[in-house]
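Spelled out, the chains give:
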Amino acid sequence: MTARAANRLPDMDWGLVSLILLLMGIGLVMLTSASMSVAENSTGRPFFYLSQQLVAVATGLLAAVFVLKTPTDIWMRIAPLLLILAVLLLVAVLIPSVGHKVNGSARWISVAGINLQVSEPARLLVLMYISGYVVRHKDDLGASFKDFLRPMILVLIVCSLLLVEPDFGATVVMLLICMAVVFVGGAPLRYFVALTIGVVAVLGAFAVSAPYRLARLTGFTDPWEDPFGSGFQLTQSLIAIGSGEWFGVGLGNSVQKLFYLPEAHTDFVYAVIAEEFGLLGTFVLVVLFSLLVWRALTIAMDAAERNRYYQAYLAFGIAVWQ
């Protein structure tokens, strides 16, 4: 093989790449729309958050090229190191001089002026480890509950670090992804039932132990019961969604993002999309994400048919993640 041929990117699924780029473009447009008022009020620069996001996108694309040029077998071989890196990230964010607190939660590390939520890369690293573990111990997962529990204990340790931050939502997502991968890897259903009962009991006790967590759970069931307290975020988002009606009020014309809806440019950007593009716009967005999940599952099945099980489990886990 010539040096020129070796440096070329491998064959890619250009449909998947196009879909990802389209979603990325929509995200940048909606981030700009949802954040301009907040950014101008807090920094005097209406495109402050867009500029930060562009740096993050550029960094992500460079990382994607690096990952693409690295054979997946290498990632499987260094999977234990990836798990250690994930744990180090989650421990580092708890160190006061390193972790960055927002709204009382230590979930971020500031890198070059950008807050990195460590649960996101940690989740991918743990998924890469679990995928490799299932390949190496496929025959052991169904042998006994102890063999099944061994990798799940490692996952529970990671989840306990997430709960300390605290990040209850990331904990649940991490558990679901890892349990799904181990399940398709051959672990019996009865083991999952036993583990699920225990995990639900622990997470339920954890949720009830803190008033703010309990308030969020109960507020979700009926946000209008306390619209100016625990239900404020949800009621404002529902107002935004309802205001969009069928076709929306138009790009940039959202009212709720003007300091009515908290975190409009982060956790609740979907509500801004619904207000500006209506039911039609949100439907298109859901379809695009559904296509992304479908393509990931298709890749997983194709990899499994070629006996490339690590790649199959990894693609399946990413599909569950979405």
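Just so we're clear, the structure is a prediction, and the values are computed from it rather than from any experiment.

At a closest axis distance of 6 Å, the pairing of helix α11 (residues 232-244) and helix α12 (residues 269-305) adopts a crossing angle of 20°. It follows that α11 is roughly parallel to α12 by the angle criterion. Here α11 and α12 pass one another in a crossing that is left-handed. Seen from α11, the contacting residues are S237, A240, I241, S243 and G244; seen from α12, they are A271, A274, E275 and G278. Each residue belonging to the contact of α11 with α12 can be placed in one class, and the counts come to four nonpolar, four polar and one charged.

Here we take up the pattern of salt bridges. Evaluated as defined, the whole model comprises three salt bridges. Note that R123 and E120 form a salt bridge whose closest N and O atoms lie 3.4 Å from each other. Of this pair, R123 and E120 both sit in helix α6 (residues 119-136), three residues apart, which is roughly one turn of that helix. Note on E120: relative accessible area 32%, which makes it partly exposed. The shortest N-O distance in the salt bridge between E276 and K257 comes to 3.1 Å. Here K257 lies in the loop between α11 and α12 and E276 lies in helix α12, a separation of 19 residues in the sequence. For the pair E276 and K257, a shared accessibility class is recorded, and that class is buried.

On the surface, a cluster of nonpolar side chains totalling about 990 Å² of accessible area is made up of W246, F247, L279, L280, F283, V284, V287, L291 and W294. In this fold, V284 is placed in helix α12.

The next point concerns the environment of G15. Here G15 shows up in helix α2 (residues 14-43). The class for G15 is exposed, based on a relative accessible area of 52%. With 280 residues separating them in the primary sequence, G15 and R295 have C-alpha atoms 9.0 Å apart.

Here the focus is the nonpolar core. If you look at the biggest cluster of nonpolar residues, it comprises 50 residues, and the most contacted ones within it are V126, I130, F148, V155, M174 and V182. Of all elements in the fold, only α5 (79-92), α6, α7 (145-164), α8 (168-184), α9 (189-209) and α13 (309-321) reach the threshold of two or more residues within this core. Excluding residues within four positions of it along the chain, V155 makes contact with I130, M174, L175 and C178. By size, the runner-up hydrophobic cluster in this structure holds 14 residues, among which are L23, L261, V272 and L288.

A few words now on the packing of aromatic side chains. All chains considered together, the criterion is met by five aromatic pairs. With a centroid separation of 5.2 Å and an interplanar angle of 75°, the aromatic rings of F48 and Y49 are classed as edge-to-face. If you follow K138 out to its NZ or CZ, it ends over the ring of Y309, 6.0 Å from the centre.

Taking 1.5 Å per residue as the helical rise, helix α3 (residues 48-69) with its 22 residues ought to reach 32 Å, and the 32 Å between its terminal C-alpha atoms agrees with that figure. F48, L50 and V57 are the residues of α3 that are buried. End-on view of α3: buried residues confined to an arc of 165°, all on one side of the axis. Exposed side chains of α3 directed beyond 90 degrees from the buried face belong to L62 and F66.

Turning to the packing of α6 against α8, a few remarks are in order. Where α6 meets α8, the closest approach of the two axes is 10 Å, and the angle between their N-to-C directions is 20°. With respect to α8, the axis of α6 lies roughly parallel. Here the hand of the crossing between α6 and α8 comes out right-handed. Taken together, the residues of α8 that come into contact with α6 (itself represented by S119, A122, R123, V126, L127, I130, S131 and V134) are A170, V173, M174, I177, C178, V181 and V182. Here the residues of the contact of α6 with α8 sort into 12 nonpolar, two polar and one charged.

With that settled, consider the confidence of the model for the protein. Within the protein, residue pLDDT values average 82, and 87% of them lie at 70 or more. Model confidence for the protein, summarised as mean pLDDT per element, is weakest for helix α1 (residues 3-7) at 45 and strongest for α12 at 92. Counting contacts from residues 1-6, a segment whose pLDDT is below 50, to residues more than four positions away or on other chains yields two contacts.

In this section: unusual backbone geometry. Backbone geometry at E245 places phi at a positive 50°, although glycine is not the residue there. Even without being glycine, N307 reaches a positive phi, approximately 60°. With respect to the element layout, N307 can be found in the loop between α12 and α13. In this structure N307 comes out as exposed when scored by relative accessible area, which is 54%.

What counts, and at which threshold
- Residues numbered from 1 in each chain as written.
- Predicted model: local features only at pLDDT ≥ 70, side-chain atom pairs only at ≥ 80, totals over all residues.
- Heavy atoms only, no water.
- Axes fitted to C-alpha atoms, helices over the stretch in contact; angles between N-to-C directions.
- Helix = DSSP H or I, 4+ residues; strand = E, 2+ residues; numbered from the N terminus.
- Parallel < 35°, antiparallel > 145°, perpendicular 65-115°, else oblique.
- Left-handed = near helix turned anticlockwise from the far one by under 90°.
- Contact = heavy atoms within 4.5 Å.
- Nonpolar A, V, L, I, M, F, W, Y, C, P; charged D, E, K, R; others polar.
- Salt bridge = Lys/Arg side-chain N within 4 Å of Asp/Glu carboxyl O.
- Buried < 20%, exposed > 50% of the residue type's maximum accessible area, 1.4 Å probe, protein only.
- Patch = residues over 30% accessible without salt bridge, like charges linked within 9 Å, V, L, I, M, F, W, Y side chains within 5 Å.
- Areas by Shrake-Rupley, 256 points an atom, 1.4 Å probe, with all protein chains shown as cover.
- Core = buried A, V, L, I, M, F, W, Y, C linked by side-chain atoms within 4.5 Å.
- Phe/Tyr/Trp six-rings, centres within 6.5 Å; stacked < 30°, edge-to-face > 60°.
- Lys NZ or Arg CZ within 6 Å of the ring centre and 35° of its normal.
- Expected span 1.5 Å × (residues − 1).
- Arc of directions from axis to C-beta.
- pLDDT = per-residue confidence, 0-100.

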